[in-house]
Amino acid sequence: MTILIEQPQFEIQAEEKKFHDNEKELVLDGGFAVPETNAFGHNFRDYNVESARQEGVETFYKINHINQTYDYVRKMREKYAKCDKAEMSIWECCELLNDVVDDSDPDLDEPQIQHLLQSAEAIRKDYPDEDWLHLTALIHDLGKVLLLPSFGELPQWAVVGDTYPVGCAFNDSIVHSKYFKENPDYNNPAYNSKYGVYSEGCGLDKVMMSWGHDDYMYLVAKENETTLPSAGLFIIRYHSFYALHRSGAYKHLMNEEDKENLKWLHIFNKYDLYSKSKVLVDVEEVKPYYMSLIEKYFPAKLKW
């Protein structure tokens, strides 16, 4: 008789920490030139550079990793799934982000609306026929309005930063993973095994992710019955899930639809990460195009 024993947090198999370089991508891979360094002259997503900003980023992740528990995420999803905080258009929401700066981002300190447009315009250049992908890039970070007073003024650790599953073991590939040892779920046998409350191939839609702008914008899009394809919704919800799309962790929870959508996320991530620049987009010049996409895929006013 074979006895299957789930591994606790500290015994997760090493192969989950490694990204499979032979992962096949879609043939649709544009000619976007990846810059060698970010706007500060450092490597992108380098969390080891000594600087005042990096110290702040590490402090951010320490607080994030301690507080993002399974129970916390469940309560936040129940609270914000109601979408009863505001009613406004997509573009109005874009403009609200003018005053938002992401404390978890080591690569950029520009207002968020510029990041949205830089990502969208870079994708638009390489994939002119995939208009849903242009719009997905524009709206993928709109959930950061959770930082604003009218949305509850949540702390940065509950809105931005890399996301990861809760309810199962925290993978070592997650940035600053050492701080998970202070999370109450770390030593909880219900949550600290490889599968936790989930099962092999259950599908990421069954998995609760750490709470933040990704999951919130996904809930908003679903509640307002967007006609974006499933790949667009997948990108919105998992674009900060770097442990998956950069390190190959948690693939044991994916189903076949997830695997197909992940191909699009791999494409999107290049633009999301490497299009950040001090060269700003002329907002008024590109606004008419994106307004036409918003009208195509969303209602005029959304519940938030």
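Residues numbered from 1 in each chain as written. Predicted model: local features only at pLDDT ≥ 70, side-chain atom pairs only at ≥ 80, totals over all residues. Heavy atoms only, no water.

- In the annotation of an unreviewed UniProt entry, the entry for the protein chain reads Inositol oxygenase, and the organism field reads Nicotiana tabacum.
- Under the UniProt heading Subcellular location (unreviewed entry), the note attached to the protein chain is "Cytoplasm". (UniProt positions renumbered as here; feature names shortened; annotations may be inferred.)

## As for the pattern of salt bridges
Part 1 of the reasoning: Enumeration over the complete set of coordinates arrives at 14 salt bridges.
Part 2 of the reasoning: With its nearest N and O atoms 3.1 Å apart, the salt bridge here joins Glu92 to Lys301. Taken together, the residues Glu92 in helix H3 (residues 90–96) and Lys301 in the loop between helix H10 (283–297) and strand E2 (302–303) connect sequence positions 209 residues apart.
Part 3 of the reasoning: Its relative accessible area of 42% is what places Lys301 among the partly exposed residues. (Salt bridge = Lys/Arg side-chain N within 4 Å of Asp/Glu carboxyl O. Helix = DSSP H or I, 4+ residues; strand = E, 2+ residues; numbered from the N terminus. Buried < 20%, exposed > 50% of the residue type's maximum accessible area, 1.4 Å probe, protein only.)

## So, the nonpolar core
Part 1 of the reasoning: Residues Ile90, Leu138, Ile139, Leu142, Trp211, Phe298 and Trp304 are the most contacted members of the largest nonpolar core, which totals 92 residues.
Part 2 of the reasoning: Other than its neighbours up to four places away in sequence, Ile90 contacts Ile139, Leu142, Met217, Ile294, Phe298, Leu302 and Trp304. (Core = buried A, V, L, I, M, F, W, Y, C linked by side-chain atoms within 4.5 Å. Contact = heavy atoms within 4.5 Å.)

## A word on the UniProt feature "binding site: substrate" (unreviewed entry) in the protein chain
Part 1 of the reasoning: What UniProt calls "binding site: substrate" (unreviewed entry) maps, in this numbering, to Arg45, Asp102, Asp103, Ser104, Lys144, Gly161, Asp162, His239 and Ser240.
Part 2 of the reasoning: Tracing the chain through its elements places Asp162 in the loop between helix H5 (131–139) and helix H6 (213–223).
Part 3 of the reasoning: For His239, the residues in contact, after removing those within four places along its chain, are His140, Asp141, His213, Asp214, Phe234, His245, Leu265, Phe268, Asn269 and Asp272.
Part 4 of the reasoning: Separated by 3.2 Å, the side chains of His239 and His213 make a polar contact. (Polar contact = N/O pair within 3.5 Å; in protein donor to acceptor, adjacent residues only side chain to side chain.)

## Some details on the UniProt feature "binding site: Fe cation" (unreviewed entry) in the protein chain
Part 1 of the reasoning: Here the UniProt-annotated "binding site: Fe cation" (unreviewed entry) positions come out as His115, His140, Asp141, His213, His239 and Asp272.
Part 2 of the reasoning: Aside from chain neighbours lying at most four places away, what touches Asp141 is Leu97, Gln112, His115, Leu116, His213 and His239.
Part 3 of the reasoning: A polar contact of 3.3 Å, which involves the side chain of Asp141, links it to the side chain of His140.
Part 4 of the reasoning: In this structure, Asp272 sits in helix H9 (residues 256–274).
Part 5 of the reasoning: For Asp272, a relative accessible area of 4% puts it in the buried group.
Part 6 of the reasoning: In contact with Asp272, other than residues within four places in its own chain, are His115, Ser119, His140, His239 and Tyr242.
Part 7 of the reasoning: A polar contact is formed between the side chain of Asp272 and the side chain of His140, at a distance of 3.1 Å.

## Digging into the packing of aromatic side chains
Part 1 of the reasoning: A complete count under the given rule lists 15 aromatic pairs for this structure.
Part 2 of the reasoning: Look at Tyr80 and Trp211: their rings are 5.6 Å apart centre to centre, the planes differ by 25 degrees, and that puts the pair in the stacked class. In this pair, Tyr80 sits in helix H2 (residues 70–80) while Trp211 sits in the loop between H5 and H6, placing the two residues 131 residues apart along the sequence.
Part 3 of the reasoning: When its relative accessible area of 2% is taken as the criterion, Trp211 is described as buried.
Part 4 of the reasoning: When the ring of Tyr164 is compared with that of Phe180, the centres are 5.0 Å apart and the planes differ by 80 degrees; the resulting orientation is edge-to-face. With a gap of 16 residues between them, Tyr164 in the loop between H5 and H6 and Phe180 in the loop between H5 and H6 connect regions that are remote in the sequence.
Part 5 of the reasoning: A network of ring pairs unites the aromatic residues Phe234, Tyr238, Phe241 and Tyr250 as a single cluster.
Part 6 of the reasoning: Arg124 extends its terminal NZ or CZ atom over the ring of Tyr289, reaching a point 3.8 Å from the ring centre.
Part 7 of the reasoning: Positioned over the ring face of Tyr218 is Arg237, at 5.1 Å from the centre of the ring. (Phe/Tyr/Trp six-rings, centres within 6.5 Å; stacked < 30°, edge-to-face > 60°. Lys NZ or Arg CZ within 6 Å of the ring centre and 35° of its normal.)

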